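Here's the letter readout for the chains.
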Amino acid sequence: MTIATITVNGLELTVDSELTILQASMKKGIYIPHLCHHNELEPVGACRLCLVEVDGNWKTLACKTKVYDGMQVKTETDEINAIRKVALELLIADHDTDCLACAQNTNCALQRVADHIGVDTARLARMKPREKVLPVDTSNPFFDFNPNRCVLCGICVRTCDEIVNVNAIDFAYRGLGTKVAGFGDKPRLESNCVSCGECLVRCPVGALTEKNYQRPVSYVKTVCSYCGCGCGLMLGVRNNRIVTAKGEPGNKASDGKLCVKGRFGFKYVNSPERLRHPLIKRESGFVAVSWDEALDYVAEKLADSKGESFAAIASAKCTNEDNYVLQKFTRSVMQTNNIDHCARL
Ligand code: FES
């Protein structure tokens, strides 16, 4: 790591010279307004809010400019504040302002920026408001997309491209009509979206929100139980129930990412339809029995099914040891090589 010494607002900082002005400042606790920056994505400079003055004579976007030794940065000047204010007002004029009805309320990057820069309601009132309310795309079973709350930062588009490599969404239309959409602007469910929710967790505003979202009171760290990858999971808990899930940042197996199952597939935990006893199908239907009775019944049936009439499918939800035992049981006890694993299907 090479080091650069820079000055931000008169404060001397020693930072990694590979960082941008925005990253270096934020690492040292200096806030520069920003919306389209995300540390895991390539910078694009779309929102223009991170404008700073460098060496007293030129302006640049802090998210796209790397630091160099001796750099002098000012994050606030009268001119920069005036430019930022206009950029912010244009965003807010085109944005749904019903913050109390938004799941991202108090956690919204646009609110943070507006709080920092300050909103002049008289100036805002003179701006032309959005002409029509765009329909909310509720087609995805796990999350909704509300284009009226979208700030076109492109974080979702870049996430789908750079991290998930699916490219299900992009910017559609032009000018004021620009929106994020799937191919042909069809409902999200009809796109090639894999519903991993990586866009959802990076959305800085309330444009992408989990269906029936409840803010958790605390998070519990665990490992996803769906397959053998062992992704790190943070389960959001409220009233002793799982209400949401997110990836564990920095987890060695998953680096904070999740697939659709890990992120949204937790409802079964509290489902009233979960089986609580072994069931045997009798003439009258399924009957709850004890474990001893169920195991005897299974053993008896298996004894009648040795050889080629038997096959076993192992599961990625089981440990290596469990899967090993199943193949051993299939080959040695059931006397067949008909053993496979769900990961191959
Ligand atoms: Fe730099 Fe948006 S954060 S332009």
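Relevant structure appears above.
Worth saying up front: this structure is predicted, and the values here are computed from it rather than measured. Every residue gets a number counted from 1 within its own chain, in the order that chain's sequence is written. The predicted nature of this model means local features are confined to residues of pLDDT at least 70 and side-chain atom pairs, given and counted, to a pLDDT of 80 or more, with totals for whole chains, interfaces and linings taken over all residues. Neither water nor hydrogens contribute to the side-chain values; these are computed over all heavy atoms in the structure.

Engineer: Looking at this structure, I do not really get the overall build of the protein chain. What am I missing?
Structural biologist: Runs of E in the DSSP output that reach at least two residues are strands. Runs of H or I that reach at least four are helices, and both are numbered from the N terminus. Assigned secondary structure in the protein chain consists of 9 helices and 16 strands. In this treatment the radius of gyration is a C-alpha quantity, and the globule benchmark scales as 2.2 Å times the residue count to the 0.38 power. Its C-alpha atoms give the protein chain a radius of gyration of 27 Å, clearly above 20 Å, the size a compact globule of 345 residues would have. The principal-axis extent of the C-alpha atoms belonging to the protein chain is close to 85 × 50 × 40 Å. Relative accessibility decides the category of a residue: with a 1.4 Å probe and only protein chains considered, values under 20% of the type maximum give buried, values over 50% give exposed, and everything between is partly exposed. Across the 345 residues of the protein chain, 42% fall into the buried class. Between two residues, a contact is recorded if the distance between any of their heavy atoms is within 4.5 Å. Residue pairs in contact within the protein chain that sit at least 24 positions apart in sequence constitute 54% of those at least 6 positions apart. With residues, only the protein chains shown are counted as cover, and all accessible areas are computed by Shrake-Rupley using a 1.4 Å probe. Only carbon and sulfur atoms are counted for the fraction: they give 53% of the accessible area of the protein chain, which is about 20,200 Å². Neither His nor the chain termini are counted; the positive set is Lys and Arg, and the negative set is Asp and Glu. Every charge is mapped to an atom, namely NZ of Lys, CZ of Arg, CG of Asp or CD of Glu. Positive and negative side-chain charges of the protein chain, numbering 43 and 40 respectively, have mean locations separated by a distance of 2 Å.

Engineer: Teacher, can you tell me more about the pattern of salt bridges here?
Structural biologist: Any two side chains of opposite charge can pair, given that their charged atoms come close. Take a side-chain nitrogen of Lys or Arg and a carboxyl oxygen of Asp or Glu: if they are within 4 Å of each other, that pair is a salt bridge. Tallied over the full model, the rule gives 14 salt bridges. One salt bridge connects Arg123 with Glu89, and the closest N-O pair in it is separated by 2.7 Å. Taken as a pair, Arg123 in helix 4 (residues 121-125) and Glu89 in helix 2 (residues 78-93) lie far apart in primary sequence, 34 residues in all. You can call Arg123 partly exposed: its relative accessible area is 30%. Relative accessible area serves as the criterion here: at 3%, Glu89 is assigned to the buried category. Salt bridges sharing common partners tie together Glu40, Glu198, Arg202, Asp255, Lys257 and Arg263.

Engineer: Looking at this structure, I do not really get the layout of surface pockets. What am I missing?
Structural biologist: Picture a little ball the size of a water molecule; that probe, rolled over the atoms, points out where space is still empty. A 1.4 Å probe that fits but cannot get out identifies a cavity on a 1 Å grid over protein atoms alone, an open set with protein on both sides within 12 Å along at least five of seven lines counts as a pocket, and a residue lines either if it has an atom within 4 Å of a point. Grid points are joined across faces, edges and corners, and a volume is the space filled by probe spheres set on the points. Roughly 950 Å³ of volume is contained in the largest pocket. Gln104, Asn107, Leu200, Val201 and Arg202 are, among the 32 residues lining the largest pocket, the residues nearest its centre. Looking at the lining of the largest pocket, the elements that each hand over two or more residues are helix 6 (198-202), strand 9 (208-210) and strand 12 (241-247). Of the residues in the lining of the largest pocket, the class split is 14 nonpolar, 9 polar and 9 charged. Side-chain classes follow a simple rule in which Ala, Val, Leu, Ile, Met, Phe, Trp, Tyr, Cys and Pro form the nonpolar group, Asp, Glu, Lys and Arg form the charged group, and the remainder, Gly included, forms the polar group.

Engineer: Just to check I follow, could you spell out the packing of aromatic side chains for this structure?
Structural biologist: The way to describe two aromatic rings as a pair is by their centre distance and the angle between their planes. Stacked, tilted and edge-to-face are the three classes applied to pairs of Phe, Tyr and Trp rings, where Trp contributes its six-membered ring and a pair requires centres within 6.5 Å; stacked means planes under 30 degrees apart, edge-to-face means over 60, and tilted covers the rest. Counting across every chain of the model gives 3 aromatic pairs. Plain terms: the ring middles of Phe142 and Phe264 are 4.8 Å apart, the flat faces sit at 10 degrees to each other, and that makes the pair stacked. Of this pair, Phe142 sits in the loop between helix 4 and strand 6 (143-145) while Phe264 sits in helix 7 (residues 260-264), placing them 122 residues apart in sequence. On the basis of relative accessibility, which here comes to 26%, the residue Phe142 falls in the partly exposed class.

Engineer: Hey, could you run me through the sheet that holds strand 10 (residues 218-223) in this one?
Structural biologist: As a general point, the strands of a sheet are linked pairwise by backbone hydrogen bonds and lie either parallel or antiparallel. Read across the open sheet, the 3 strands follow the order 10-11-12; overall the sheet is antiparallel. A strand with exactly one partner marks an edge of an open sheet, and here the two such strands are strand 10 and strand 12. Across this sheet, the average inter-strand angle for adjacent strands is 30 degrees, counted without regard to direction. When strand 10 meets strand 11 (residues 232-238), the two strands line up antiparallel, connected through 6 bridges. Opposite Ser218, over in strand 11, you have Val237 as the bridge partner. When DSSP locates at least two bridges between a pair of strands, those strands are taken to pair. The convention used is that axes are lines fitted to C-alpha atoms, helices contributing only their stretch in contact, and that angles between N-to-C directions extend from 0 to 180 degrees.

Engineer: I would appreciate a short explanation of a positive patch on the surface in the present structure.
Structural biologist: Side chains of Lys261, Arg274, Arg276 and Lys317 sit close together on the surface and give a patch of like positive charge. Here Arg274 is to be found in the loop between helix 7 and strand 13 (279-282). Residues qualify for a patch when their relative accessible area is over 30% and they have no salt bridge, like charges being joined within 9 Å and the nonpolar side chains of Val, Leu, Ile, Met, Phe, Trp and Tyr within 5 Å.

Engineer: Please explain helix 9 (residues 320-333) as it appears in this structure.
Structural biologist: Helical geometry note: an α-helix holds 3.6 residues per turn, so side chains three or four residues apart project in the same direction. Each helix should span, by expectation, one fewer than its residue count multiplied by 1.5 Å. Along its 14 residues, helix 9 runs 19 Å from first to last C-alpha, staying within 8% of the 20 Å computed at 1.5 Å per residue. Every buried residue of helix 9 is listed here: Asn323, Gln327 and Thr330. Down the axis of helix 9, the buried side of the element spans an arc of 60 degrees, and every buried residue falls inside it. Exposed residues pointing more than 90 degrees away from the buried face of helix 9 are listed as Glu321 and Val325. The secondary structure elements touched by the buried residues of helix 9 are strand 15 (312-314) and strand 16 (339-341). One or two steps after helix 9, the chain reaches Gln335, where phi turns positive at roughly 60 degrees. This arc describes the spread of directions from the helix axis toward the C-beta atoms.

Engineer: It is not clear to me how the nonpolar core should be interpreted in this structure. Could you clarify?
Structural biologist: Proteins that are soluble and globular tend to have nonpolar side chains buried together. Only buried residues count toward a nonpolar core. Its members are Ala, Val, Leu, Ile, Met, Phe, Trp, Tyr and Cys residues joined through side-chain atoms within 4.5 Å. Membership of the largest hydrophobic core comes to 37 residues, with the highest contact counts inside it found for Leu35, Leu49, Leu88, Leu110 and Leu208. Of all elements in the fold, only helix 2, helix 3 (109-117), strand 6, helix 5 (155-163) and helix 6 reach the threshold of two or more residues within this core. For this core, the element with the highest residue contribution is helix 2, accounting for 5 residues. Excluding anything up to four places from it in sequence, Leu88 contacts Leu49, Leu110, Val113, Ala114, Ile117, Gly118 and Val119. Grouped together as the second largest cluster of nonpolar side chains are 22 residues, Ala4, Ala24, Val52 and Cys63 included.

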